[in-house]
Amino acid sequence: MSSFSTIHLNSKQAVTNLLTQAPFEVPKLQAAYDQYFPNEPLSVTRQSLTKAGSSRNAALEETLTTTLDAVDMVLTTMGTVERFIHLSIPKMEDGNNFGVTIQLQALKHINDSQEKLQKQLEELVKYYATRADAVEKCKLPSTSSTMTTTKVEANASGTDKEKGDTANSSTSQTVEQKKVESSSTASELVFRQDAVVAVDVLFYSKAKNLFSLALTSLLSALDFVQKNQEKIEAPRGKNTGTAYSSMY
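Residues numbered from 1 in each chain as written. Predicted model: local features only at pLDDT ≥ 70, side-chain atom pairs only at ≥ 80, totals over all residues. Heavy atoms only, no water.

Draft legend 1. Representation of the nonpolar core. Grouped together as the largest cluster of nonpolar side chains are 46 residues, with contacts concentrated most on Val-81, Ile-85 and Leu-117. Elements with a contribution of two residues or more to this core: helix H1 (3-36), helix H3 (58-88), helix H4 (98-124), helix H5 (127-138) and helix H6 (186-227). (Core = buried A, V, L, I, M, F, W, Y, C linked by side-chain atoms within 4.5 Å. Buried < 20%, exposed > 50% of the residue type's maximum accessible area, 1.4 Å probe, protein only. Helix = DSSP H or I, 4+ residues; strand = E, 2+ residues; numbered from the N terminus.)

What follows is the structure, encoded as structure tokens:
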């Protein structure tokens, strides 16, 4: 058995394990989705996100992290399935390519899903930079202080060095503290805080859509493979040999 045949068999076993574990793993993803994205209008979610104001939104950050982990897991799973299908494609021949067509359709479906997930993933990781820009541009009220220390040394007058008198010196220290405050009117402050909250709401919505897409992509990929498993594993029938026995 060639090394490629061993890799193919290992890849097949990995996909078999995924299909076996799917009934247990997919509900976990669904439960996480339901926990972090409850079935409620976005306006209701906005009220809870408003509580953070311009401070760090720990709850939203946890939601984004959970979403990133879920997408990473789905992309890894789809990569495993993609590898197995690629390794199962037989040598090109005239005729009897219906099974190969199914393999190619499965690969296209997976590649399209991967591309969509990657694009939305790239948008989601821009959260911190976008929020930082919003906070900076909003010029929310702030207070800063500076402290200046001045040290002055002076010699006492009336000393006579010829008589061995020692000059007396004195030291004085002055500390000056300045506080600078920036303020806004009540109406300005409300709109500036709303601008920051709007960023949180936007990325919450992005995370929700991305998590849902990841869940759907995983289910559809595994479902397609399971329904067409026989054709994917042996596109020209079981009597024609495996992909690598047919190719070499």
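Draft legend 2. Layout of the packing of H3 against H4. Where H3 contacts H4, the two axes come as close as 10 Å, and the packing angle between them is 155°. When the interaxial angle is binned, H3 and H4 end up roughly antiparallel. The way H3 lies across H4 gives a crossing that is left-handed. Considering only residue class, the contact of H3 with H4 consists of 14 nonpolar, nine polar and one charged. (Axes fitted to C-alpha atoms, helices over the stretch in contact; angles between N-to-C directions. Parallel < 35°, antiparallel > 145°, perpendicular 65-115°, else oblique. Left-handed = near helix turned anticlockwise from the far one by under 90°. Nonpolar A, V, L, I, M, F, W, Y, C, P; charged D, E, K, R; others polar.)

Draft legend 3. Structural detail: the environment of Gly-99. Within the secondary structure, Gly-99 sits in helix H4. When the C-alpha positions of Gly-99 and Pro-235 are compared, they lie 3.9 Å apart, and in sequence the two are 136 residues distant. Residues contacting Gly-99, with those up to four places away along its chain left out, are Lys-231 and Pro-235. (Contact = heavy atoms within 4.5 Å.)

Draft legend 4. Just the side chain of Thr-66, in detail. Considering the arrangement of structural elements, one finds Thr-66 in helix H3. The class for Thr-66 is buried, based on a relative accessible area of 18%. Look past the residues within four positions of Thr-66 in its chain and what remains in contact with it is Tyr-36 and Phe-211.

Draft legend 5. Region of the structure containing the packing of H1 against H3. Between H1 and H3, the least distance of the axes is 10 Å, while the angle of their chain directions is 155°. With respect to each other, H1 and H3 are oriented roughly antiparallel. Both H1 and H3 take part in a crossing whose hand is left-handed.

Draft legend 6. Examining the pattern of salt bridges more closely. Going through the model one piece at a time under the given rule, you end up with nine salt bridges. The salt bridge partner of Arg-46 is Asp-194, with a shortest N-O separation of 3.5 Å. With a gap of 148 residues between them, Arg-46 in helix H2 (residues 42-50) and Asp-194 in helix H6 connect regions that are remote in the sequence. For Asp-194, a relative accessible area of 28% gives the class partly exposed. (Salt bridge = Lys/Arg side-chain N within 4 Å of Asp/Glu carboxyl O.)

Draft legend 7. Local environment of the packing of aromatic side chains. All told, the structure shown has six aromatic pairs when counted by the stated rule. When the ring of Phe-37 is compared with that of Tyr-204, the centres are 5.3 Å apart and the planes differ by 50°; the resulting orientation is tilted. Here Tyr-204 lies in helix H6 and Phe-37 lies in the loop between H1 and H2, a separation of 167 residues in the sequence. Residue Tyr-204 is classed as buried on the basis of its relative accessible area of 5%. Both rings, one in Tyr-127 and one in Phe-203, keep their centres 5.4 Å apart while their planes meet at 70°; by these two values the pair is edge-to-face. Taken together, the residues span a long stretch of sequence, with Tyr-127 in helix H5 and Phe-203 in helix H6 at a distance of 76 residues. (Phe/Tyr/Trp six-rings, centres within 6.5 Å; stacked < 30°, edge-to-face > 60°.)

Draft legend 8. Fine view of H5. Compared with the 16 Å implied by 1.5 Å per residue over 12 residues, the 16 Å span of H5 between its first and last C-alpha is a close match. Those residues of H5 lying buried are Tyr-127, Arg-131, Ala-134 and Cys-138. What you see down the axis of H5 is that its buried residues fit within an arc of 60°, all on one side. Those residues of H5 that are exposed and aimed more than 90 degrees away from the buried face are Glu-136 and Lys-137. (Expected span 1.5 Å × (residues − 1). Arc of directions from axis to C-beta.)

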